[in-house]
Every structure is written in structure tokens, then in C-alpha cells.
Amino acid sequence: MIAPVLSVLARIPVSGLDPDRDEAREWAERELSDPIYADSQPTAFDRFAKAVVDFVNDLLRPGDGAEWSPVLAITAVVIAVALVVAAILIWGRPRLAHRTGDSSAILFGDAEHRTAAQLRAAAATAAAATDWDEAIALRFRALARGLEERGIVEAPPGTTAQGLARRGHHPFPAQGDALDAAARAFDDVRYLRRRGTAELHAVVAGLDDELIRTTPARAPETILS
């Protein structure tokens with residue numbers, strides 16, 4: 001966990017600790033802009049990182065007539081990074097919910113660029129038309145994409161519905177059996193051509209809603225096994 005601190009200190013000139021105000025602010029903002037600290041989605045960690053940047057900016061703007069001290073620059077950067085390290089200890093290492101490239105575009109073997117919210121809306125439309133096969137498949141995709149967006153589990157290319165369910169057991173132990181059942185429902189309508197039902201759709205949708213409300217058993221972290 002001391003790596004972020006070392007990363008910032010490595011940017012400090014060895015000879016002459018005399019950065020001006022703009023250079024000091026640039027050090028802090030460059031470090032905090034690293035993807036390790038900020039996700040593409042507005043998470044609690046993102047909001048915390050923004051607050052840290054705002055704090056540094058305020059600290060590095062002394063009032064009119066105040067004398068600028070190089071030591072203040074170093075102190076501000078170290079304090080900022082220390083706060084980020086504390087956040088990592090509390091919330092865990094942040095993950096990128098939406099990665100660029102094929103990993104974020106493929107879901108259960110199919111191209112899928114929609115967000116969890118968009119997939120839920122599409123599932124609701126299919127359910128309203130009593131197209132239960134499509135509604136079940138879409139709602140399980142929404143469940144999986146939602147877990148990805150929250151940084152709880154990942155579903156890289158090649159992940160199966162059953163594999164996604166197994167990865168969800170650790171953060172959601174109480175919902176393990178329900179995850180397995182929902183994955184089987186997806187496989188049934190997607191691959192085995194079994195007919196979906198309103199009851200089966202209600203099970204998958206209910207699980208997705210429950211997971212949205214449930215805090216994972218530990219801080220969000222990528223689970224690959």
C-alpha cells in the first residue's frame with residue numbers, strides 16, 4: 001500500500017526541493033488521475049478522489065499576500081496520497097468497471113455494449129411482450145453487467161453463465177444457490193431452447209434486484225476463480 005506514496009515521491013526533484021505552486025498541484029493531480037484511483041463510473045472512491053484533489057487545490061492556493069513555501073508543496077502531495085492510501089485500505093483497490101476493447105464488448109459469447117440499466121429496460125420490454133425467453137436472457141445479462149459495473153466480479157470473454165455465478169458466490173454467499181439457478185435459467189433459454197416462463201423470469205429479476213440492494217461480503221474486488 002506504500003507504492004502510491006513512493007510513486008509520488010519519485011516525481012519530486014532530488015536536487016532542490018523547490019517546486020512552485022503549479023508544479024506541486026500538477027504532481028498531485030497527475031498521480032490521482034491514474035486509473036488505479038479513479039473509475040469511469042462515479043463510485044464512492046471517485047468522489048473521495050475528487051475531494052482529495054479539491055483539498056490539494058485549496059491547500060495550494062494561499063491567500064493574497066501569503067508567502068509560498070516549497071515545503072508546503074511537498075506536504076500537500078504527501079497528505080493527498082496518504083488519504084488515497086487510506087481509502088484503498090477501507091474500500092479495497094478500485095477496479096475499472098468498463099474496460100476498453102473486447103473485454104467490455106463481449107458478454108457470454110455475444111457482442112454486448114449496453115449498460116446494466118439498458119439491459120434491464122430491454123428485459124422489461126421483452127417481459128411486457130411476454131417474450132419470456134428473451135426477458136430471462138436479458139435480465140441475467142443485466143445482472144452480470146451490473147456486477148461488472150460495480151467492480152465486484154469480472155466477466156471477460158470466455159466467461160460462461162455458470163462461471164459468472166460461481167464467481168458471485170464469494171461476495172454474495174447467501175445468494176449462491178440463487179445465482180446458480182439463475183445461470184441455469186439463462187443456459188436453458190439461451191442454449192437448450194427450453195421455454196422460459198413468467199415465474200422463471202421473476203426469479204432472475206428478483207435476484208438481480210436483491211443483488212443491487214446487497215453489499216458484497218467484502219470490499220469490491222475482481223474475482224477470477
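To be clear, the structure that these remarks concern was listed above.
Not measured: the values here are computed from a predicted model.

(A) Local environment of unusual backbone geometry. For T130, which is not a glycine, the phi torsion comes out positive at approximately 55°. Among the structural elements, T130 can be located in the loop between helix 6 (116-128) and helix 7 (132-149). One non-glycine residue with positive phi stands out, namely R193, at about 60°. Structurally, R193 is set in the loop between helix 9 (176-190) and helix 10 (198-213). By relative accessible area, which is 65% here, R193 ends up exposed.

(B) The arrangement of helix 10 in detail. Between its first and last C-alpha, helix 10 extends 22 Å over 16 residues, near the 22 Å set by a 1.5 Å rise per residue. If you check which residues of helix 10 are buried, you get H201, V204, A205, L207, D208 and L211. End-on, the buried residues of helix 10 take up no more than an arc of 155°, which puts them together on one face. Along helix 10, exposed side chains directed more than 90 degrees from the buried face belong to E199 and R213. Contacts from the buried residues of helix 10 go to helix 6, helix 7 and helix 9.

(C) Expanded view of the packing of aromatic side chains. Under the criterion given, the structure shown has four aromatic pairs. Among the aromatic side chains, those forming a connected cluster through ring pairs are F108, F140, F186 and Y191.

(D) Here's a closer look at the side chain of T159. Checked against the element boundaries, T159 lands in the loop between helix 7 and helix 8 (161-169). At 3.1 Å, the side chain of T159 and the side chain of R167 are in polar contact. Apart from the residues lying within four places of it in its own chain, the contact partners of T159 are F108, L164 and R167.

(E) Focus on helix 7. With 18 residues, helix 7 should reach 26 Å at 1.5 Å per residue; the first-to-last C-alpha distance of 25 Å fits that figure. Of all 18 residues making up helix 7, 15 are buried, and the element is well covered by its neighbours. At the exit of helix 7 stands G151, carrying a positive phi of roughly 75°.

(F) Representation of the nonpolar core. One finds F108, F140, L143, L147, L164 and L211 to be the most contacted residues of the largest nonpolar core, which totals 24 residues. Elements with a contribution of two residues or more to this core: helix 7, helix 8, helix 9 and helix 10. Setting aside its immediate chain neighbours within four residues, L164 contacts F108, F140, L143, A144, L147, V153, E154, A155 and T159. Counting residues in each nonpolar core, the second largest holds eight residues, with A126, A135, L138 and A142 among its members.

(G) Just the pattern of salt bridges, in detail. Applying the stated criterion across every chain, the model contains nine salt bridges. The partner of D209 in a salt bridge is R139, and the shortest N-O contact between them spans 2.6 Å. With D209 in helix 10 and R139 in helix 7, this residue pair connects regions lying 70 residues apart in the sequence. The exposure class of R139 is buried, given its relative accessible area of 10%.

The rules behind these values
Residues numbered from 1 in each chain as written. Predicted model: local features only at pLDDT ≥ 70, side-chain atom pairs only at ≥ 80, totals over all residues. Heavy atoms only, no water. Helix = DSSP H or I, 4+ residues; strand = E, 2+ residues; numbered from the N terminus. Buried < 20%, exposed > 50% of the residue type's maximum accessible area, 1.4 Å probe, protein only. Expected span 1.5 Å × (residues − 1). Arc of directions from axis to C-beta. Contact = heavy atoms within 4.5 Å. Phe/Tyr/Trp six-rings, centres within 6.5 Å; stacked < 30°, edge-to-face > 60°. Polar contact = N/O pair within 3.5 Å; in protein donor to acceptor, adjacent residues only side chain to side chain. Core = buried A, V, L, I, M, F, W, Y, C linked by side-chain atoms within 4.5 Å. Salt bridge = Lys/Arg side-chain N within 4 Å of Asp/Glu carboxyl O.

Limitation: the analysis is restricted to geometry and does not speak to function.
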